[in-house]
Amino acid sequence: MAQLHSPLPGTFYRSSSPDKPPFKADGDAVAVGEVIGLIEVMKSFHEVKAEVAGANIRFAADNEEPVMAGAVLAEVGLMLRKLLVANRGNRGAGDSRRAGSRDCHGGDLLGRRP
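Model, not experiment: these values are computed from the prediction. (Residues numbered from 1 in each chain as written. Predicted model: local features only at pLDDT ≥ 70, side-chain atom pairs only at ≥ 80, totals over all residues. Heavy atoms only, no water.)

Taken together, the three strands give an open sheet; going across it, the order is β1-β7-β5, and neighbouring strands pair in antiparallel fashion. In this open sheet, the two strands that pair with only one neighbour each are β1 (2–5) and β5 (55–59). On average, each strand axis in the sheet is inclined to that of its neighbour by 25°, with strand direction left out of account. Inspection of the sheet shows β5 paired to strand β7 (residues 72–77) by three bridges, in the antiparallel sense. Across the sheet, residue Phe 59 finds its bridge partner in β7, namely Ala 74. (Pairing = 2+ DSSP bridges. Helix = DSSP H or I, 4+ residues; strand = E, 2+ residues; numbered from the N terminus. Axes fitted to C-alpha atoms, helices over the stretch in contact; angles between N-to-C directions.)

Okay, structure coming up:
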């Protein structure tokens, strides 16, 4: 899991205002550059952006919690898509995309019947 850290000390907010939904909820996917929260320092708000892409974000800091610079705000899991791409070359004998494979009705994958 990758960790997202506070860039500066202040108060961490998960939404832009109390009546707005959070930027990200626990379990959401996150892309590089997406805002996950705000840090307030002396009435000035600074966006906290994700530095990594991932799935299943889990917040370690609560809304309106004081944080120090470098504190872990959230953890992000590895994207499933990256795992699938990494394993693309490891297709086994049961891969339905192989030449000569049949669909569930006996035809080949181009729709031709035997």
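What follows continues from the structure just given.
As for its placement among the helices and strands, Arg 14 is situated in the loop between β2 (10–13) and β3 (35–41). Among buried Asp, Glu, Lys and Arg side chains, Arg 14 stands out as unpaired, with Asp 26 the closest opposite charge at 4.4 Å. Here the side chain of Arg 14 touches Lys 24 through a polar contact of 3.1 Å, landing on its backbone oxygen. The contact partners of Arg 14, leaving out residues within four places of it in the chain, are Pro 22, Phe 23, Lys 24, Ala 25, Asp 26, Ile 36, Gly 37, Phe 59, Ala 61 and Asn 63. (Buried < 20%, exposed > 50% of the residue type's maximum accessible area, 1.4 Å probe, protein only. Lys, Arg positive; Asp, Glu negative; His and termini not counted. Salt bridge = Lys/Arg side-chain N within 4 Å of Asp/Glu carboxyl O. Polar contact = N/O pair within 3.5 Å; in protein donor to acceptor, adjacent residues only side chain to side chain. Contact = heavy atoms within 4.5 Å.)

Unlike most non-glycine residues, Met 42 shows phi in positive territory, near 50°. With respect to the secondary-structure elements, Met 42 resides in the loop between β3 and β4 (44–49).

The biggest cluster of nonpolar side chains holds 14 residues, and the ones touching the most others in it are Leu 4, Phe 12, Ile 36, Ile 57 and Leu 73. Broken down by secondary-structure element, the contributors of at least two residues to this core are β3, β5 and β7. Of all the elements, β7 adds the most residues to this core, at three residues. (Core = buried A, V, L, I, M, F, W, Y, C linked by side-chain atoms within 4.5 Å.)

Along the chain, Ser 16 turns up in the loop between β2 and β3. Judged by its relative accessible area of 48%, Ser 16 falls in the partly exposed class. In this structure the C-alpha to C-alpha distance between Ser 16 and Leu 38, which are 22 residues apart in sequence, comes to 7.2 Å. In this structure Ser 16 touches Phe 23 and Leu 38, once residues within four positions along its chain are discounted.

In the sheet, β1 pairs with β7 via four bridges, with the strands oriented antiparallel. Paired with Gln 3 across the two strands is Glu 75, which belongs to β7.

Next up on the list: the side chain of Glu 40. Within the element layout of this structure, Glu 40 appears in strand β3. A polar contact is formed between the side chain of Glu 40 and the side chain of Tyr 13, at a distance of 3.0 Å. Those residues in contact with Glu 40, other than ones at most four positions away along the chain, are Gly 10, Thr 11, Tyr 13 and Phe 45.

Keep in mind that these numbers describe shape and distance, not what the molecule does.
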